[in-house]
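Each chain is listed here by its residues.
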Amino acid sequence: MSGQGAVLSDFVRTSGPLRGQALHRLALACASAVAKLHARGNVGLRLSHKSVALGAHGQVLIGWQPGVTPGSAADDVLAWADLVVFAATGRTDGDPAVLPPALHLAVRQCRQADPTARPRAADVLRVLLGQSVAAAVASVDGLLAS
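The rules we used
Chains are numbered independently. Their residues run from 1 in the order of the written sequence. At least 70 in pLDDT is required for a residue's local features to be given in this predicted model, at least 80 for side-chain atom pairs to be given and counted, and no such filter applies to totals for whole chains, interfaces and linings, which use all residues. Hydrogens and water molecules were not included; the side-chain quantities draw on all heavy atoms of the structure. In short, DSSP must find at least two bridges between two strands for them to pair. Strands are runs of DSSP state E lasting at least 2 residues, helices are runs of H or I lasting at least 4, and numbering of each runs from the N terminus. One side-chain nitrogen of Lys or Arg within 4 Å of one carboxyl oxygen of Asp or Glu is enough to make a salt bridge. Whether a residue is buried, partly exposed or exposed follows from its accessible area with a 1.4 Å probe, protein chains only, as a fraction of its type maximum: under 20%, in between, or over 50%, in that order. Within this scheme a cavity is a closed region of a 1 Å grid, computed over the protein atoms alone, that accommodates a 1.4 Å probe without allowing it to escape, whereas a pocket is open but has protein on both sides within 12 Å along at least five of seven lines; lining residues each have an atom within 4 Å of a point. Grid points are joined across faces, edges and corners, and a volume is the space filled by probe spheres set on the points.

Enquirer: Hey, could you run me through the sheet that holds strand β3 (residues 60-62) in this one?
Expert: Strand order across the open sheet formed by three strands is β1-β2-β3, with antiparallel pairing between neighbours. Of all strands in the sheet, those with a lone pairing partner are β1 (6-7) and β3, marking the two edges. Bridge count for strand β2 (residues 52-54) against β3 is three bridges, and the pairing is antiparallel. Residue pairing across strands places Val-52 opposite Ile-62, the latter belonging to β3.

See the structure below:
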């Protein structure tokens, strides 16, 4: 992924964990990409902090190789959850308690032991988009109240 931006693991190591809107954007962009790939029939993406790069213009780029190793959509949402926790803590075994409520809930659901109980990537995306809309409305309401 060289030339496309900083790989997430390198970025977090040098700049520290992501917080606030940067973390939410990363989670949203990755969930969106996973949902889109799943809709096209691609699963087993092997998403990780080493396969995601932050682009020079704020975009998130994920590298994946379809069909290289077996996997499932449930494995992909678990990997998404682990990626978000890494981005927020800088550790692969980080504590998801540091996440904002909407992300914490989504991560907890995606990390369920029973793969059949994990949400689909499209459902995770809906939760994150709903949180983004709620935050935008709250910001506008705050500006209007001032």
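Enquirer: Even after reading the chapter, I still don't get the pattern of salt bridges, so can you show me in this structure?
Expert: Pairs may arise between side chains of opposite charge once their charged atoms sit close together. Per the counting criterion, the structure on display carries five salt bridges. Where Arg-13 meets Asp-10, a salt bridge forms, and the shortest distance between an N and an O atom there is 3.1 Å. With Arg-13 and Asp-10 both in helix α1 (residues 8-15) and three residues apart, this pair spans about one turn of that helix. We classify Arg-13 as exposed; its relative accessible area is 62%. A salt bridge links Asp-93 to Arg-91; the nearest nitrogen and oxygen atoms lie 3.0 Å apart. When salt bridges that share partners are traced, they join Arg-120, Asp-123 and Arg-126 into one network.

Enquirer: Would you take a moment to explain empty space enclosed by the protein for this structure?
Expert: Rolled over the atoms, a probe sized like a water molecule indicates the empty space that remains. With the rule as written, the count across this model stands at one cavity of 30 Å³ or more. One number sums up the size of the largest cavity: a volume of about 30 Å³. What lines the largest cavity is simply Ala-31, Val-34, Asp-76, Val-77, Trp-80, Ala-121 and Val-124. Listed by contribution, the elements that provide at least two residues to the lining of the largest cavity are α2 (20-39), α3 (73-89) and α5 (121-145).

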